[in-house]
Amino acid sequence: MASRLVGGSPVLVAAWRVVLEPVKSTSGFEAYASGWIPSSRVEHSLNRWMRSVRYGGQVRRGLSPISPLGYPLLLIGLPALPLASAYPISLTASQRHRLKKMAHSHKTPYQARMRAQIVLHAARSRSNARIARQTGLHLDTVRKWRGRFAEDGILGLADRSRPGRPPSFTALQAAQVKALACQLPAETGAPLSRWSCPELAREAMARGIASFVSASTVRRWLDQDALKPWQHRSWIFPADPGFRIKAARVLDLYARTWDDIQLGEDEYVISADEKTSIQARCRCHPTLAPGKARAMRVNHTYGRGGALAYLAAYDVHRARVFGRTESRTGIDPFMRLVSQVMSQEPYASAKRVFWIVDNGSSHRGKKAADRLAAAFPNAALVHTPVHASWLNQVEVYFSVVQRKVVSPNDFTDLGEVRDRLRVFEDRYNATAQPFQWKFTTSDLDDLLAGLDRHTADHPEESSVAPAA
């Protein structure tokens, strides 16, 4: 700012510029100056003058009110242009309904909710400054989303795609790492049993696929195709020539059919097996109960108190368990379990009772079937295929016993083991429901067909073809 004589009187000359897109200054007024910077006293007077200009609607050339220094202020330059008017917003009924739903829904993301509120305020012909005050947003934010809606409608309220940082790796490099993950480490010469993300990154750099790649980047690449080379599953080929026939017979019994004939009301299906070597481990220090933010604590060291076998017979359709403990497994313990069940009603007077068992030594082969039929004429022994104990439903019950009764195994002696198993049987039978067995003969055929496809190049290992 400088002074000069105008008509014999000293006048302060100020060069000011009012812009189309005003910026809110620290003093609170939407204008800024270029040129000389006035003193604090003059700035206060200029701010007051700019306020009158702001609310007056236009700027005219000429003298302004007197400054605090006693000199009139003379504006130099062209007349200032009027501030740009905000975009007018008009809404259809459907747009208004959708925006109100976005603005007031608790499930709408915060950003989308505030953008909808901006448009709704703008539809009431409110200025950007007023909307900014009411919503607590910056003026630039209000102006941006008001303009976006005016140009593109509701679709304009979504974030535009951003190019982001240029990719550091090519699609070919990612594909090469994925191909490496789909090979066994032994095939590549790596002394590993299975891949991990750090090992894959190290191998990729050693092969020159990339100069540097992190384990997290490899993990993201593998996740795109659900590749998890650090996991493994075991499997086995069916070794029983009659696998399909024997397995289908068991699955038909679960569906209450035998030789394509529906079972009657007086026919029952029992699944039986032995759970061997349940130990009584007496911990050297007492087990501590769980507490706040603390799991149950079991001492690792223990004294051995012996072991026993738990034999159980599970009624598949009535969800009832009959169990007993024995010092060892064998033919005699198994027959004692059969006698325990078959001496009770409704099994004693039933037309037929099918006993599903695996190929354990206690009940293997035709001799076991003849022995059972001789002792109980209404009982029939049905074997699962070799290596197919998973078809026996009593194994599901044994898994429940392992999780709820045996583990983490803290018993003072075998008597305590027997008592707990017996009490758990009563507790289980009080509320048990039949297992929801969903594996059918159709699933069996699909499984065997998949194994055949997998071993098409190795006929000596292929499974038995499904029966017509």
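What counts, and at which threshold
- Residues numbered from 1 in each chain as written.
- Predicted model: local features only at pLDDT ≥ 70, side-chain atom pairs only at ≥ 80, totals over all residues.
- Heavy atoms only, no water.
- Helix = DSSP H or I, 4+ residues; strand = E, 2+ residues; numbered from the N terminus.
- Contact = heavy atoms within 4.5 Å.
- Pairing = 2+ DSSP bridges.
- Axes fitted to C-alpha atoms, helices over the stretch in contact; angles between N-to-C directions.
- Core = buried A, V, L, I, M, F, W, Y, C linked by side-chain atoms within 4.5 Å.
- Buried < 20%, exposed > 50% of the residue type's maximum accessible area, 1.4 Å probe, protein only.
- Right-handed = clockwise from strand over helix to strand, strands pointing away.
- Parallel < 35°, antiparallel > 145°, perpendicular 65-115°, else oblique.
- Nonpolar A, V, L, I, M, F, W, Y, C, P; charged D, E, K, R; others polar.
- Arc of directions from axis to C-beta.
- Left-handed = near helix turned anticlockwise from the far one by under 90°.
- Phe/Tyr/Trp six-rings, centres within 6.5 Å; stacked < 30°, edge-to-face > 60°.

Asker: What is the right way to look at the side chain of Ser271 in this model?
Answerer: Relative to the assigned elements, Ser271 resides in strand E9 (residues 267-283). The contacts of Ser271, once residues within four sequence positions are left out, are Tyr254, Ala312, Ala313, Tyr314, Val316, Ile356, Asn392, Gln393 and Val394.

Asker: Please clarify how the sheet that holds strand E12 (residues 352-357) should be interpreted in this entry.
Answerer: Whenever strands of a sheet pair, they do so through backbone hydrogen bonds, lying parallel or antiparallel. Strands sit in the order E11-E10-E9-E12-E13 across an open sheet of five strands; the sheet is mixed. The outermost strands of the open sheet, each flanked by one partner alone, are strand E11 (320-326) and strand E13 (379-383). This sheet shows a mean twist of 30 degrees between the axes of neighbouring strands, independent of strand direction. One ladder, built from 11 bridges, connects E9 with strand E10 (residues 302-315); its direction is antiparallel. Within the sheet, the bridge partner assigned to Gln279 lies in E10 and is Ala307. Across the sheet, helix H11 (residues 331-342) is in contact with E9, E10, E11, E12 and E13; its angle to E11 comes to roughly 145 degrees. Sheet strands touched by helix H14 (residues 414-431): E9, E10 and E11. Its angle to E10, the strand with the most contacts, is close to 30 degrees.

Asker: For this particular structure, what's the right way to read the nonpolar core?
Answerer: Buried together is how nonpolar side chains tend to be arranged in soluble globular proteins. Counting residues in hydrophobic clusters, the biggest one holds 41 residues, and the most contacted among them are Leu253, Tyr310, Tyr397, Val401 and Leu421. Contributions of two or more residues to this core are made by helix H10 (243-254), E9, E10, E12, helix H13 (394-406), H14 and helix H15 (441-454). Core analysis: the next-biggest nonpolar cluster, separate from the first, contains 23 residues, Leu311, Val338, Ala350 and Phe376 among them.

Asker: Mind showing me how you'd approach the pairing of E12 here?
Answerer: Walk down a regular strand and you will see the side chains alternate between the two sheet faces. Within E12, five of the six residues are buried, which leaves the element mostly enclosed by the surrounding structure. Sheet analysis places E9 next to E12, joined by five bridges and oriented parallel. Paired with Glu267 across the bridge in E12 is Arg352. Relative to E13, E12 runs parallel, the two sharing five bridges. Bridge pairing links Ile356 to Val382 in E13. Handedness of the crossover is the feature at issue here: the chain leaves E12, passes through helix H12 (residues 365-375), returns alongside E13, and the resulting connection is right-handed.

Asker: Teacher, can you tell me more about the packing of helix H3 (residues 110-122) against helix H5 (residues 139-152) here?
Answerer: Contact geometry of H3 with H5 gives a least axis separation of 9 Å together with a crossing angle of 75 degrees. Here H3 is positioned roughly perpendicular relative to H5, judged by the angle of their axes. Here Arg115, Ile118, Val119 and Ala122 of H3 lie close against H5, whose contacting residues are Thr141, Val142, Trp145, Arg146 and Phe149. Looking at the contact of H3 with H5, its residues break down into six nonpolar, one polar and two charged.

Asker: What's the story with H13 in this structure? I'm lost.
Answerer: Since one α-helical turn is 3.6 residues long, residues separated by three or four positions face the same way. Where H13 is concerned, the buried positions are Val394, Tyr397, Phe398, Val400, Val401, Val405 and Val406. Viewed end-on, H13 has its buried residues packed into an arc of 155 degrees, placing them on one side of the element. Among the exposed residues of H13, those pointing more than 90 degrees away from its buried face are Arg403 and Lys404. In this structure, the buried residues of H13 make contact with E9, E10, E11 and H14.

Asker: Can you walk me through the packing of helix H6 (residues 171-181) against helix H8 (residues 197-206) in this structure?
Answerer: Close contact between H6 and H8 brings their axes to 10 Å; oriented N to C, the two are set at 120 degrees. Relative to H8, H6 is oriented oblique. Between H6 and H8 lies a crossing whose hand is right-handed. Packed against H6, whose contacting residues are Val177, Leu180 and Ala181, the element H8 presents Leu200, Glu203 and Ala204 at the interface.

Asker: Can you help me understand the packing of aromatic side chains in this one?
Answerer: By convention here, two paired aromatic rings are described through the distance between centres and the angle between planes. Considering all chains together, one arrives at 12 aromatic pairs under this definition. Ring centres of Phe169 and Trp221 lie 5.2 Å apart, and the angle between their planes is 90 degrees; this geometry places the pair in the edge-to-face category. One end of the pair, Phe169, is in the loop between H5 and H6; the other, Trp221, is in helix H9 (residues 215-224), with 52 residues separating them in the sequence. With relative accessibility at 25%, the residue Phe169 sits in the partly exposed group. An aromatic cluster is present here, built from Tyr310, Tyr397, Phe398, Phe424 and Tyr428 joined pairwise through their rings.

Asker: Would you mind showing me how to read the pairing of E10 here?
Answerer: Strand direction decides the pairing type here: E10 and E11, joined by seven bridges, are antiparallel. What sits directly across from Leu311, in E11, is Arg324. The hairpin turn running from E10 into E11, its antiparallel successor, is four residues long, and Ala319 in that turn takes a positive phi close to 55 degrees.

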